Amino acid sequence: MGAGLAFAIVLVYLLIVVNFQSWSEAFIIITALPAALAGICWMLFLTHTTLSVPALMGTIMSMGVATANSVLVISFANERFAESKDALRAALEAGSTRLRPVIMTALAMIIGMIPMALGLGEGGEQNAPLGRAVIGGLLFATVATLFFVPAVFAIVRHQRAEAA
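Presented here is a report on the structure given in the accompanying data block.

Cut-offs used in this document
Residues numbered from 1 in each chain as written. Predicted model: local features only at pLDDT ≥ 70, side-chain atom pairs only at ≥ 80, totals over all residues. Heavy atoms only, no water. Phe/Tyr/Trp six-rings, centres within 6.5 Å; stacked < 30°, edge-to-face > 60°. Helix = DSSP H or I, 4+ residues; strand = E, 2+ residues; numbered from the N terminus. Buried < 20%, exposed > 50% of the residue type's maximum accessible area, 1.4 Å probe, protein only. Contact = heavy atoms within 4.5 Å. Patch = residues over 30% accessible without salt bridge, like charges linked within 9 Å, V, L, I, M, F, W, Y side chains within 5 Å. Areas by Shrake-Rupley, 256 points an atom, 1.4 Å probe, with all protein chains shown as cover. Salt bridge = Lys/Arg side-chain N within 4 Å of Asp/Glu carboxyl O. Polar contact = N/O pair within 3.5 Å; in protein donor to acceptor, adjacent residues only side chain to side chain.

Thoughts on the packing of aromatic side chains
Here's step 1: Per the counting criterion, the structure on display carries 3 aromatic pairs.
Here's step 2: Consider the rings of Trp42 and Phe140, whose centres lie 5.3 Å apart with planes at 40°: the pair is tilted. Here the residue Trp42 occupies a position in helix H3 (residues 33-46), and Phe140 occupies one in helix H7 (residues 124-163), the gap between them amounting to 98 residues.
Here's step 3: Here Phe140 falls in the partly exposed class, since its relative accessible area comes to 31%.

Some words on the environment of Ile29
Here's step 1: Position of Ile29 among the secondary structure elements: in helix H2 (residues 23-29).
Here's step 2: When the C-alpha atoms of Ile29 and Val152 are compared, they prove to be 9.1 Å apart, with 123 residues separating the residues in sequence.
Here's step 3: Those residues within four positions of Ile29 in sequence are excluded, and the remaining contacts are Ile16, Phe20, Thr67, Ser70, Val71 and Ile74.

A closer look at a nonpolar patch on the surface
Here's step 1: A cluster of nonpolar side chains, Leu99, Ile103, Leu107, Ile111, Ile114, Leu118 and Leu120, forms an exposed patch at the surface whose accessible area comes to about 640 Å².
Here's step 2: Position of Leu120 among the secondary structure elements: in the loop between helix H6 (99-118) and H7.

Here's the deal with unusual backbone geometry
Both trends apply: most residues other than glycine have a negative phi, and most peptide bonds are in trans.
Here's step 1: Positive phi is not limited to glycine here, since Gln21 has a value of about 55°.
Here's step 2: Considering the arrangement of structural elements, one finds Gln21 in the loop between helix H1 (2-20) and H2.
Here's step 3: The class of Gln21 is exposed, set by a relative accessible area of 72%.
Here's step 4: Phi at Lys85 is positive, roughly 60°, even though this residue is not glycine.
Here's step 5: Position of Lys85 among the secondary structure elements: in the loop between helix H4 (53-84) and helix H5 (87-97).
Here's step 6: Residue Lys85 is classed as exposed on the basis of its relative accessible area of 61%.

Comments concerning the pattern of salt bridges
Here's step 1: Under the counting rule described, the total for this entry stands at 4 salt bridges.
Here's step 2: Across the salt bridge formed by Arg157 and Glu25, the nearest N and O atoms sit 2.5 Å from each other. Taken together, the positions of Arg157 in helix H7 and Glu25 in helix H2 put the pair 132 residues apart, joining distant regions of the chain.
Here's step 3: For Arg157, a relative accessible area of 11% corresponds to the buried category.
Here's step 4: The exposure class of Glu25 is buried, given its relative accessible area of 6%.

Focus on the side chain of Ser62
Here's step 1: With respect to the helices and strands, the residue Ser62 is situated in helix H4.
Here's step 2: In this structure Ser62 comes out as buried when scored by relative accessible area, which is 0%.
Here's step 3: A polar side-chain atom of Ser62 sits 3.0 Å from the main-chain carbonyl oxygen of Thr59.

Structure (C-alpha cells):
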C-alpha cells in the first residue's frame, strides 16, 4: 500500500502536469501533500492507531481532497495573475477568495468521517483508521492549502517573472 500511495502521488503529479501544461504549477499544487501526510501521521499517533489498509485508504482519500483544494486555489491564482501580473497579489486574492470553498469541502469530509473515526458499534473499529487518517490529513492539508500553497505560488511566479 505504501508503494501504491507513492505511485498514486506520482500519477496525480503527472496528471496535473498534463492538465496545467506546466511542471512548476503541478509542483506548487502538490506542496500541500506533505502537510497532509504529517497530519495523518499525527492523528494516527495521537489515537494509537496502527498503520493498516484502511488507514492507507484514508491517506489516499485525503490526498485527493487536498489536491483538489490546491487545484482550486491555484486555478484562481492563475486567473488573477493573468489580469494583474502581480504574483503576490494574485496569491493573496486566491487564498482569501477561495477560503470558503476550501474550508467547506474539507469540513464536509471531516464531519462526515467523525462517526467512522469514533469506531462505535459492532465492527466499527475496523474502519476507524480510515476516518482518523482522513480527518488528520485534511486538518493539516487545509491549512497548507490556504497559506503555504499561495506562498509557494507567489515565490515561484515571482522568480519566473523576473527571469523572463
